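Fold and contact review
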Amino acid sequence: MACYTYMVECSDGSLYTGWTNDLGGRVRAHNAGRGAKYTKSRRPVKLVYHETFATKQEAMRREYEIKHYTRTEKLALLNQKE
């Protein structure tokens with residue numbers, strides 16, 4: 001089963017990074033207010049970036065790495081993917 005590291009843009013323009021094994025379901029959960037405490041008050045969210053991994057550990061490792069990026073580095077990552 002594939003695992004994903006993803007980034008969503010919140011309604012206030014902030015970026016949230018997480019990991020999941022069901023990308024569509026996770027975005028729907030965020031938009032339903034069940035995704036994460038951070039995104040609950042910043043709905044709706046929009047998926048702006050994702051990477052696919054073979055294991056949960058790889059996805060979690062990448063999530064940790066991206067969460068330590070500055071906003072400028074995160075935006076550069078988004079622009080790189082386009």
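What to know about the pattern of salt bridges
According to the stated counting rule, one finds 5 salt bridges in the structure shown. Close ionic contact of Arg62 with Glu65 constitutes a salt bridge, the shortest N to O distance being 2.6 Å. Of the two residues, Arg62 and Glu65 both sit in helix α3 (residues 56-67), 3 residues apart, roughly one turn of that helix. Judged by relative accessible area, Arg62 falls into the buried class, the value being 14%. Look at Glu65 and you get partly exposed, because its relative accessible area is 39%. The salt bridge partner of Lys67 is Glu63, with a shortest N-O separation of 3.3 Å. Highlighted residues: Lys67 and Glu63, both in helix α3, separated by 4 residues, approximately one helical turn. Among the residues examined, Lys67 registers a relative accessible area of 40% and is labelled partly exposed. Linked by salt bridges that have partners in common, Glu51, Arg62 and Glu65 make up one network.

Quick word on the pairing of strand β2 (residues 15-20)
Among the 6 residues in β2, 5 count as buried, and that is most of the element. Both strand β1 (residues 3-9) and β2 contribute to a ladder of 6 bridges, which runs antiparallel. Note on β2: the bridge partner recorded for Tyr6 is Gly18. A loop of 5 residues connects β1 with β2, the two strands running antiparallel in sequence, and Gly13 in this loop sits at a positive phi of about 90°.

Concerning the nonpolar core
Within soluble globular proteins, side chains that are nonpolar tend to cluster in buried spots. Within the largest apolar cluster, 9 residues are counted, these being Tyr4, Tyr6, Val8, Cys10, Tyr16, Leu23, Val27, Ala36 and Val45. Those elements that place two or more of their residues in this core are β1 and α1 (23-31). It is β1 that provides the largest number of residues to this core, a total of 3 residues. Ignoring sequence-local partners within four residues, the contact set of Val27 consists of Val8, Val45 and Leu47. The next biggest cluster of nonpolar side chains, apart from the first, holds 6 residues, and it includes Tyr49, Ile66, Leu77 and Leu78.

Rules of the game
Residues numbered from 1 in each chain as written. Predicted model: local features only at pLDDT ≥ 70, side-chain atom pairs only at ≥ 80, totals over all residues. Heavy atoms only, no water. Salt bridge = Lys/Arg side-chain N within 4 Å of Asp/Glu carboxyl O. Helix = DSSP H or I, 4+ residues; strand = E, 2+ residues; numbered from the N terminus. Buried < 20%, exposed > 50% of the residue type's maximum accessible area, 1.4 Å probe, protein only. Pairing = 2+ DSSP bridges. Core = buried A, V, L, I, M, F, W, Y, C linked by side-chain atoms within 4.5 Å. Contact = heavy atoms within 4.5 Å.

By themselves, these figures tell us nothing about what the structure is for.
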